[in-house]
Amino acid sequence: MSGQDDPVQREIHQDWANREYIEVITSSIKKIADFLNSFDMSCRSRLATLNEKLTALERRIEYIEARVSGFEICT
């Protein structure tokens, strides 16, 4: 009977080793996905802030251009 226990025990140990390996891989994939989601949100936030600043600058430039062109017409 001990001859049958040895291969069964090895198979059980191999199964647990495989499960642990799969758990490590799964955990690593979840960490990568969490990082990428966090990075995405950070980039979107920064890009939105940058877009607001660019829009404000564009409006100021348009205002200054209108003032300068109005000043040139008067002179």
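The name that an unreviewed UniProt entry assigns to the chain is BRICK1 subunit of SCAR/WAVE actin nucleating complex, with the source organism given as Salmo trutta. Looking at the chain in UniProt, the text filed under Sequence similarities (unreviewed entry) is "Belongs to the BRK1 family."

> Please provide a residue-by-residue account of the overall build of the chain, values included.
Across its full length, the chain carries 1 helix and 0 strands. Expected size for 75 residues packed as a compact globule is a radius of gyration near 11 Å; at 32 Å, the chain overshoots this value by more than 25%. Viewed in the frame of its principal axes, the chain has a C-alpha envelope of about 110 × 10 × 5 Å. Across the 75 residues that make up the chain, the buried fraction comes to 0%. By element, 60% of the accessible surface of the chain is carried by carbon and sulfur atoms, the whole surface being about 7,400 Å². Mean positive and mean negative side-chain charge positions of the chain (10 and 13 charges, respectively) differ by 9 Å.

> So what's going on with the pattern of salt bridges? Residues and values would help.
One pass over the structure, following the stated rule, counts 3 salt bridges. Two residues, aspartate 6 and arginine 10, come together in a salt bridge whose shortest N-O distance is 2.5 Å. Residue aspartate 6 and its partner arginine 10 are located together in helix 1 (residues 2–74), separated by 4 residues, close to a single helical turn. Judged by its relative accessible area of 41%, aspartate 6 is partly exposed. With a shortest N-O distance of 2.7 Å, arginine 19 and aspartate 15 are connected by a salt bridge. Within this pair, arginine 19 and its partner aspartate 15 are both found in helix 1, separated by 4 residues, close to a single helical turn.

Reading the values: rules and limits
Residues numbered from 1 in each chain as written. Predicted model: local features only at pLDDT ≥ 70, side-chain atom pairs only at ≥ 80, totals over all residues. Heavy atoms only, no water. UniProt positions renumbered as here; feature names shortened; annotations may be inferred. Helix = DSSP H or I, 4+ residues; strand = E, 2+ residues; numbered from the N terminus. Rg over C-alpha atoms; globule rule 2.2 N^0.38 Å. Buried < 20%, exposed > 50% of the residue type's maximum accessible area, 1.4 Å probe, protein only. Areas by Shrake-Rupley, 256 points an atom, 1.4 Å probe, with all protein chains shown as cover. Lys, Arg positive; Asp, Glu negative; His and termini not counted. Charge placed at Lys NZ, Arg CZ, Asp CG, Glu CD. Salt bridge = Lys/Arg side-chain N within 4 Å of Asp/Glu carboxyl O.

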